[in-house]
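The lines below spell out each chain.
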Amino acid sequence: MRTVFLMKREILQIMIMFAYPGTLNLAEIQEQIRFQEAGSLQLDDCIVSTDKNNQPINIIKFNELSAGQVPDDIVLVEAKTSQPANTSKKVLTDVLVIENQFKTIDFYR
């Protein structure tokens, strides 16, 4: 009997998550996302959850980029708002807690 070992190469992508309180306004959330993206991270997804005190939080997931890579600026607007100037495409639509209210947000680059 002969044993054959197969080696599989996988490139693992590192995902990093940050939690932001649901009390922030849209401009503050946008500023926090831009701050993280300036450090070679790129927004991937959002999840609404609660903290240990049952307060709403926004969990923002980021993918790690290669060193020195910085994505185009992200612009957040409430859904059904016109596409902001100086953006080329919508990259995500998701629900966030903004000033303690659930809102559907469009993310543009």
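Everything numeric here is computed off the predicted structure, so don't read it as measured data.

*Asks:* Please clarify how the sheet that holds strand 6 (residues 101–108) should be interpreted in this entry.
*Replies:* Adjacent strands of a sheet form backbone hydrogen bonds with each other and so pair up, either parallel or antiparallel. Ordered by their spatial adjacency, 3 strands build an open sheet running 4-6-5, and the pairing between neighbours is antiparallel. In the strand order of this sheet, the two ends are held by strand 4 (75–78) and strand 5 (90–98), each with one partner. Along the sheet, successive strands turn relative to each other by an average axial angle of 35°, direction set aside. Relative to strand 4, helix 1 (residues 26–37) is tilted by about 155°, and along the sheet it contacts strand 4, strand 5 and strand 6.

*Asks:* Help me out: how do you make sense of the pairing of strand 3 (residues 56–64) in this one?
*Replies:* Side-chain direction in a regular strand flips from residue to residue, so the side chains alternate between the two faces of the sheet. The element strand 3 is largely enclosed, with a buried count of 7 among its 9 residues. With 7 bridges joining them, strand 1 (residues 15–21) and strand 3 adopt antiparallel strand pairing. Along strand 3, the bridge assignment pairs Met 15 with Asn 63.

*Asks:* Help me understand the environment of Arg 109 in this model?
*Replies:* By secondary structure assignment, the location of Arg 109 is in the segment after strand 6. A C-alpha to C-alpha distance of 5.8 Å links Arg 109 and Asp 73, two positions 36 residues apart in sequence. Non-local contacts of Arg 109, meaning those with residues more than four positions away in its chain, are made with Glu 37, Gln 42, Leu 43, Pro 71, Asp 72, Asp 73, Ile 74, Thr 87, Ser 88, Lys 89 and Val 91. At 2.5 Å, the side chain of Arg 109 and the backbone oxygen of Asp 72 are in polar contact.

*Asks:* For this particular structure, what's the right way to read the environment of Ile 105?
*Replies:* Mapped onto the elements, Ile 105 comes out in strand 6. Between the alpha carbons of Ile 105 and Ala 79 there is a distance of 4.9 Å; along the sequence they are 26 residues apart. Setting aside its immediate chain neighbours within four residues, Ile 105 contacts Leu 26, Leu 76, Val 77, Glu 78, Ala 79, Leu 92, Thr 93, Asp 94, Leu 96 and Ile 98.

*Asks:* For this particular structure, what's the right way to read unusual backbone geometry?
*Replies:* Most of the time, phi is negative for any residue but glycine, and the peptide bond is trans. Non-glycine residue Asn 54 carries a positive phi angle of around 65°. Mapped onto the fold, Asn 54 is located in the loop between strand 2 (41–50) and strand 3. Judged by its relative accessible area of 58%, Asn 54 falls in the exposed class. The phi angle at Glu 99 is positive, at roughly 50°, despite the residue not being glycine. By the element assignment, Glu 99 lies in the loop between strand 5 and strand 6.

Conventions we followed
- Residues numbered from 1 in each chain as written.
- Predicted model: local features only at pLDDT ≥ 70, side-chain atom pairs only at ≥ 80, totals over all residues.
- Heavy atoms only, no water.
- Pairing = 2+ DSSP bridges.
- Helix = DSSP H or I, 4+ residues; strand = E, 2+ residues; numbered from the N terminus.
- Axes fitted to C-alpha atoms, helices over the stretch in contact; angles between N-to-C directions.
- Contact = heavy atoms within 4.5 Å.
- Buried < 20%, exposed > 50% of the residue type's maximum accessible area, 1.4 Å probe, protein only.
- Polar contact = N/O pair within 3.5 Å; in protein donor to acceptor, adjacent residues only side chain to side chain.

None of this, on its own, says anything about what the molecule does.
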